[in-house]
Amino acid sequence: MVVLKTTRKKINKMNIAKIKRRKRLSILLLGFIAISISGFLILSASRDSLIFFYSPTELKEKQEIIGKIIRIGGLVRENSIKLKEQSEIQFIVEDGENYILVNYTGMLPDLFREGQGVICEGKIGEDSIFIANKILAKHDEKYMPPEVAEILKKTGKWKGEGETNDY
Amino acid sequence: MQNIFNFLANPSRFRLFSQKYYSYTLFIMFTFIFLGLWYGLVNSPPDYQQGETVRIMYVHVPAAWMAMMIYLSMTIMSIFALVWRHPLADILSKCSAPIGASFTLIALVTGSIWGKPTWGTWWVWDARLTSVFILFLIYMGHITLVRSFEDEYKGARAGAILTLIGAFNLPIIKFSVDWWNTLHQPASVIKLDGPTIHIDMMIPLILMALGFLFFYFSFLLINVQTELNNRKLKKLFIQNFSVKH
């Protein structure tokens, strides 16, 4: 009888430990689901403010930002960089569909080139020219030696910015 | 596998294990970092856009990977600690946090130094940079929170809960460059349609990443030894103290 009692006690103890463990796991799972849902809601609600820059196409749909300080981003159109007056330059930022004229005076980052990604901070003037007071160069996720880039351009396998090369 | 976990679950056995093996992990770490630095600084080509500046990548990217990897392992340890009350999981998580925080800081600082010549700015508040900065704050919060309790067990529990809540930052860091317009460029190596990085730049990157991984292993083993020694000392001190008075 005594032996039986102790074994039953042992079994009960094991069961309680198991139940407790299961309870803790389910609390964690519930918490996980609750936080994921709230996180998803927060992120999707604050989508607009999390965007670092607008493309020229997105800009067209947002008329209310005229006069406000915003950032725009896209590619510098080939052969569009013009020196206007003393150190003031004008160039076109495009995203394949739409484009916008940008005026800027000041220092340029090393990677600012035609055909390269760029982000401009400033505001849209009344003549719908973007007046930038800060320019950041954006580079893509491709890394390769200059010789490889040369060869790709020569053989016509170069697909340009925004698309991926397979090599 | 189960047996290995059970074997190492015992703290004193883990200490013997780490005393025995941390010199090996240190050796592997130095080998990989030496090879990676040599390949990255001497043997790999400059980039077609950025020139020689691209070499900062061989420190920046592996450090950022480690910052996230260590947080992921801390998350798994926290689940073990909270659900299964694993005796070693708390200690491993506590000892991982300072290493992870260091890697995050390295990634932030090298990224800043890399950003100035390429982007033209030290820092912007875009989604990627901000989420990594938040990761750094969570690491610092974890480090202070765990140590701010008199009772080690309570501190570890609070730390584990903080780790699990902070884990939601990990997918945000990883996918921030895809979900939102950011200044930071998208992923080059870990992505679905294959890496867009030349093989001569990928090899030093992987070598450095392995070196950093073994840096983590080595310093985790050393940190765990220190932690276990400290706990033993504390226990001895309390025992002696209570005997005398």
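Residues numbered from 1 in each chain as written. Chains lettered and ligands numbered in written order. Predicted model: local features only at pLDDT ≥ 70, side-chain atom pairs only at ≥ 80, totals over all residues. Heavy atoms only, no water.

A.B. asks: Quick rundown of a nonpolar patch on the surface? Include the residues and the values.
C.D. replies: Taken together, the side chains of A:L25, A:L29, B:L72, B:I76, B:I79, B:F80 and B:W84 make up a nonpolar region of the molecular surface, amounting to roughly 610 Å² of accessible area. Contributing elements (two or more residues each) for the nonpolar patch: α1 (2-45) of chain A together with α3 (57-83) of chain B. The greatest single-element share of the nonpolar patch, amounting to four residues, is contributed by α3(B). Relative to the assigned elements, B:W84 resides in the loop between α3 and α4 (87-118). (Patch = residues over 30% accessible without salt bridge, like charges linked within 9 Å, V, L, I, M, F, W, Y side chains within 5 Å. Areas by Shrake-Rupley, 256 points an atom, 1.4 Å probe, with all protein chains shown as cover. Salt bridge = Lys/Arg side-chain N within 4 Å of Asp/Glu carboxyl O. Helix = DSSP H or I, 4+ residues; strand = E, 2+ residues; numbered from the N terminus.)

A.B. asks: Quick one: what's the story with the packing of α4(B) against helix α5 (residues 127-147) of chain B, residue by residue and with numbers?
C.D. replies: Axis angle and axis distance: for two packed helices, these are the angle between their axes and the distance between the axes, and together they describe the pair. Residues and elements named next belong to chain B. The interhelical angle for the contact between α4 and α5, taken along N-to-C directions, is 150 degrees, at an axis separation of 9 Å. Considering the angle they form, α4 stands roughly antiparallel to α5. α5 is crossed by α4, and the crossing has left-handed handedness. Within the contact between the two elements, α4 uses S93, K94, A97, P98, G100, A101, T104, L105 and L108 and α5 uses V132, F133, L135, F136, Y139, M140, H142, I143, V146 and R147. Its residues placed into classes, the contact of α4 with α5 shows 13 nonpolar, four polar and two charged. (Axes fitted to C-alpha atoms, helices over the stretch in contact; angles between N-to-C directions. Parallel < 35°, antiparallel > 145°, perpendicular 65-115°, else oblique. Left-handed = near helix turned anticlockwise from the far one by under 90°. Contact = heavy atoms within 4.5 Å. Nonpolar A, V, L, I, M, F, W, Y, C, P; charged D, E, K, R; others polar.)

A.B. asks: Report on α5(B), specifying residues and quantitative values.
C.D. replies: Residue and element names in this part refer to chain B. Taking 1.5 Å as the rise per residue, α5 with 21 residues should run 30 Å; its terminal C-alpha atoms sit 30 Å apart, in good agreement. For α5, the set of buried residues is A127, R128, L129, S131, V132, L135, F136, I138, Y139, H142, I143 and V146. Buried residues along α5 sit against α3, α4, α6 (152-166) and α7 (169-179). (Expected span 1.5 Å × (residues − 1). Buried < 20%, exposed > 50% of the residue type's maximum accessible area, 1.4 Å probe, protein only.)

A.B. asks: Got a sec to walk through the interface of chain A and chain B? Specific residues and values, please.
C.D. replies: Between chain A and chain B, the residue contacts involve 37 residues of the former and 42 residues of the latter. For the pairing of chain A and chain B, the buried interface totals around 3,600 Å² over both sides, and the portion due to carbon and sulfur atoms is 62%. Contact with chain B buries surface across chain A, with A:F52, A:E141 and A:Y143 losing the most and accounting together for 20% of the total. On the surface where chain A and chain B come into contact, there are zero salt bridges. Put simply, the parts of the chain that give the side of chain A that touches chain B at least two residues each are α1, α2 (47-50), β6 (130-138) and α4 (146-154) of chain A. (Buried area = accessible area lost by both parts, 1.4 Å probe.)

The analysis is restricted to geometry; functional conclusions fall outside its scope.
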